[in-house]
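This is what each chain is made of:
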Amino acid sequence: MNEYDAEYLVDDEPLDQKRARLQNELVSGVLAQLENAYLSREKLYKKILESKRSAFSWTATIDRLDLIDAVRENVKTSLLFGNYRRATWYLRVLDRLCRTAL
C-alpha cells in the first residue's frame, strides 16, 4: 500500500464515536494550553512573588487557586462523562478566572 491508497481507505469508526473522540481531543488540547499558559508551577510562583505586599494575602491566594483547581477538575470530569458542552462552558469559566485572578 502506498501513500495514495491511504486516502481512499474507508474509516470503520462510526460517526458518533469519531465526533466524540475529536471533541475530547479538542477540549483536552485547549485545557492543556490553558494549563501551560497560566497554571504552570513557574508562572504561579512568579505571580505570587510579584504581587504587592500590601495586597498579598495567603488566604486569598489559596482561595483563588482552589477555585481555579475546582473548575479545572470540572472540565476533566465533564470530559470523562462525555458532556462536551458542559466541558467547554467550564473551560470558558477557567479561562476567565485565570485571566482575572492570575
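This structure is a prediction, so every number in the text was calculated from the model and none was measured.

How should I be thinking about the overall build of the chain in this particular structure?
Looking only at helices and strands, one finds 5 helices and 0 strands in the chain. Put simply, the chain has 102 residues, and 21% of those count as buried. For the chain, long-range pairs separated by at least 24 residues make up 65% of all intrachain contacts whose partners lie at least 6 apart in sequence. Of the roughly 8,200 Å² that the chain leaves accessible, carbon and sulfur atoms contribute 53%.

What should I look at first to understand the packing of helix α2 (residues 15-38) against helix α5 (residues 84-101) in this one?
When two helices pack together, their arrangement is captured by the angle between the axes and the distance separating the axes. Close contact between α2 and α5 brings their axes to 11 Å; oriented N to C, the two are set at 10 degrees. Considering the angle they form, α2 stands roughly parallel to α5. Contact with α2, carried on its side by Ala20, Gln23, Asn24, Val27, Val30, Leu31, Leu34 and Tyr38, involves Tyr84, Ala87, Thr88, Leu91, Leu94, Asp95, Cys98 and Arg99 of α5 and no other residues of that element. Taken together, the residues of the contact of α2 with α5 break down into 11 nonpolar, 3 polar and 2 charged.

Teacher, can you tell me more about the side chain of Arg72 here?
With respect to the secondary-structure elements, Arg72 resides in helix α4 (residues 58-80). Filtering out sequence-adjacent residues up to four positions away, Arg72 remains in contact with Leu31, Glu35, Leu39 and Leu94.

Explanation requested: the pattern of salt bridges in the structure shown.
Where charged atoms from two side chains of opposite charge come close, those side chains can pair. According to the stated counting rule, one finds 6 salt bridges in the structure shown. As a salt-bridge pair, Glu35 and Arg72 come within 3.2 Å of each other at their nearest N and O atoms. Of this pair, Glu35 sits in helix α2 while Arg72 sits in helix α4; the two residues are 37 residues apart in sequence, bridging distant segments of the chain. A relative accessible area of 24% places Glu35 in the partly exposed class.

Is there a simple way to think about the environment of Tyr84 in this case?
Turning to its location among the elements, Tyr84 is positioned in helix α5. Taking C-alpha positions, Tyr84 is 7.8 Å from Val27, a pair spaced 57 residues apart along the chain. Sequence-distant contacts of Tyr84, defined by excluding residues within four places in its chain, comprise Ala20, Gln23, Asn24 and Leu79. At 3.2 Å, the side chain of Tyr84 and the backbone oxygen of Ala20 are in polar contact.

Hey, could you run me through α2 in this one?
Compared with the 34 Å implied by 1.5 Å per residue over 24 residues, the 34 Å span of α2 between its first and last C-alpha is a close match. Among the residues of α2, Val27, Leu31 and Leu34 are the ones counted as buried.

Would you take a moment to explain the side chain of Ser78 for this structure?
Mapping Ser78 onto the fold places it in helix α4. Other than its neighbours up to four places away in sequence, Ser78 contacts Asn83, Arg86, Ala87 and Tyr90.

Procedures and definitions
- Residues numbered from 1 in each chain as written.
- Predicted model: local features only at pLDDT ≥ 70, side-chain atom pairs only at ≥ 80, totals over all residues.
- Heavy atoms only, no water.
- Helix = DSSP H or I, 4+ residues; strand = E, 2+ residues; numbered from the N terminus.
- Buried < 20%, exposed > 50% of the residue type's maximum accessible area, 1.4 Å probe, protein only.
- Contact = heavy atoms within 4.5 Å.
- Areas by Shrake-Rupley, 256 points an atom, 1.4 Å probe, with all protein chains shown as cover.
- Axes fitted to C-alpha atoms, helices over the stretch in contact; angles between N-to-C directions.
- Parallel < 35°, antiparallel > 145°, perpendicular 65-115°, else oblique.
- Nonpolar A, V, L, I, M, F, W, Y, C, P; charged D, E, K, R; others polar.
- Salt bridge = Lys/Arg side-chain N within 4 Å of Asp/Glu carboxyl O.
- Polar contact = N/O pair within 3.5 Å; in protein donor to acceptor, adjacent residues only side chain to side chain.
- Expected span 1.5 Å × (residues − 1).

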